[in-house]
Amino acid sequence: MWILTVVSVCCLGAVVSIMQLLSDQSNGDDGTVSLAGCGTNSTVDPNAEFPAITPYTSEEIKNAAIIISVGQDLEIPARGWIIAVATAMQESSLTNHGHLGDQNDHDSLGLFQQRPSSGWGTPEQIQDPVYASTKFYEKLLTIDNWERLPLTVAAQRVQISAFPNAYAKHEPKATEIVNTLTGGGGRVAAVDTQLGSCTPSGELSASGWIIPVEGPLNSGFRTAQRPTHNGVDIGAPRGATVVAAAAGTVITSECNASLYGAPYSCNQDGSPEVAGCGWYVNIVHAGDYLTRYCHFGSAPMVKEGDVVQAGQILGYVGSSGRSSGPHLHFETHLNADRSPAGAVDPVDFMNQMGAPLG
């Protein structure tokens, strides 16, 4: 039985939205698949039977399987499979149809809506999913550093679409599909062509996520001792670099601190008596996920409205705001719910994204 669940997270005045595909742990006899791992080395068989994954039918998921299988055959890194599936989701809803009629005034065809007049091939070739996928990957490989680019940027450089920002919204579902069909392939490193080994600490995962800073987890999410602690504290040293955990848009970059109701400077260390996050940043990502980064030692290096990519420097670890010593307070949020009711455990969240903390 395939189970789709929605999880939520919240904290200090900003939130995010996320969907996770979970499944029962397989015991080998109930037909379930565990997505706790990082894939298997077996190639996806496009002739197999596939489950429907809402909103896609089993036939449409079969087309996604072809895209992934071609990527495996060409030894394309796993990040490329997610980019390709997301692109086909936007262009054709994973349906290998012909011309879109009134919805399209060009000669676009197939899973990727490639155009014969633009040199992608003949109409017959383009409507062959294997051929179309191969041509997509061949173009993707010509783009410098494509594995680390935001998905929507990489996809747009291949497709040259009239709607360049449309691909991003499909990244979470494309990751879910890849994870489902490969047993967790979105949790390997972005540059890996083989599955089975999870993303090493500090590297970008195939799903496009990276840990914000290296360090031990000093305080967990909503523990018995701190039931209102809506994130985790990562024990990184003062001055350690904090990076964006995924591509997204900065929606908050400011000082949030007060002492007994009066404003308190973020350009000095705080204390447990100080209220607020200190210098902090909120970023909204594809799928309406939101991440929060608190207690920078100085003003963040990004401002509201900036579009950032995974691994981009946001600032440096400090102890501003409600803090008893240098560390990064890190939160993950779902569904743009800014209340405590929306909060999710960053450890579980980042494990699903292939970028485990700690």
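Above this text is the structure in question.
Since the structure is predicted, the reported quantities are computational estimates derived from the model, not experimental observations.

Enquirer: Would you mind going over unusual backbone geometry in detail, with residue names and values included?
Expert: Note the cis peptide between T54 and P55, where omega equals 5 degrees. Mapped onto the elements, P55 comes out in the loop between β2 (16–23) and α1 (58–73). Within the chain, E75 stands out as a residue other than glycine whose phi angle is a positive 60 degrees. Turning to its location among the elements, E75 is positioned in the loop between α1 and α2 (78–92). Of note in this structure, H295 is not a glycine but carries a positive phi near 75 degrees. On the secondary structure map, H295 appears in strand β9 (residues 289–296).

Enquirer: Please provide a residue-by-residue account of the pattern of salt bridges, values included.
Expert: The tally for this structure, following the rule as stated, stands at seven salt bridges. As a salt-bridge pair, K303 and D306 come within 3.0 Å of each other at their nearest N and O atoms.

Enquirer: I'd like a rundown of the pairing of strand β8 (residues 275–285), residues and numbers included.
Expert: Across the 11 residues of β8, nine count as buried, placing the element largely inside the fold. In this structure, strand β6 (residues 248–259) lies alongside β8, joined through nine bridges in antiparallel fashion. Residue pairing for β8: T249 is matched across the bridge by V284. Of the pairings in the sheet, the one linking β8 to β9 comprises six bridges and is antiparallel in character. Opposite I283, over in β9, you have T291 as the bridge partner. The turn linking β8 back onto β9 is made up of three residues, and G287 within it adopts a positive phi angle of 85 degrees.

Enquirer: I'd like a rundown of the environment of T199, residues and numbers included.
Expert: Inspection of the secondary structure assignment puts T199 in the loop between α6 (171–182) and β3 (217–219). Looking at T199, the relative accessible area reads 6%, which means it is buried. On a C-alpha basis, the gap between T199 and G354 in space is 6.1 Å, while along the polypeptide they are 155 residues apart. There is a polar contact of 3.3 Å between the side chain of T199 and the backbone nitrogen of A189.

Enquirer: Residues and numbers for the packing of aromatic side chains, please.
Expert: With the rule as written, the count across this model stands at six aromatic pairs. Seen from their ring centres, W209 and F349 are 5.2 Å apart, and the 75 degrees between their planes marks the pair as edge-to-face. Of this pair, W209 sits in the loop between α6 and β3 while F349 sits in helix α7 (residues 346–352); the two residues are 140 residues apart in sequence, bridging distant segments of the chain. We classify F349 as buried; its relative accessible area is 2%. Ring plane angle 90 degrees and centroid distance 5.4 Å describe the contact between Y289 and F349, whose orientation is recorded as edge-to-face. Placement of Y289 in strand β9 and of F349 in helix α7 is noted, with a sequence separation of 60 residues between them. Comparing Y289 with F349 shows no difference in burial state: the two are buried. Among the aromatic side chains, those forming a connected cluster through ring pairs are F112, F136 and Y137.

Enquirer: Tell me what's going on with the nonpolar core, and back it up with residues and numbers.
Expert: Of all hydrophobic cores here, the largest spans 47 residues; its most connected members are I67, V85, Y137 and I177. Among the elements of the structure, α1, α2, α4 (129–140), α5 (151–159) and α6 are those that each provide at least two residues to this core. The element contributing the most residues to this core is α2, with nine residues. Once residues within four sequence positions are removed from consideration, V85 is found in contact with A64, I67, I68, L94, A174, I177 and V178.

The rules behind the values
- Residues numbered from 1 in each chain as written.
- Predicted model: local features only at pLDDT ≥ 70, side-chain atom pairs only at ≥ 80, totals over all residues.
- Heavy atoms only, no water.
- Helix = DSSP H or I, 4+ residues; strand = E, 2+ residues; numbered from the N terminus.
- Salt bridge = Lys/Arg side-chain N within 4 Å of Asp/Glu carboxyl O.
- Buried < 20%, exposed > 50% of the residue type's maximum accessible area, 1.4 Å probe, protein only.
- Pairing = 2+ DSSP bridges.
- Polar contact = N/O pair within 3.5 Å; in protein donor to acceptor, adjacent residues only side chain to side chain.
- Phe/Tyr/Trp six-rings, centres within 6.5 Å; stacked < 30°, edge-to-face > 60°.
- Core = buried A, V, L, I, M, F, W, Y, C linked by side-chain atoms within 4.5 Å.
- Contact = heavy atoms within 4.5 Å.

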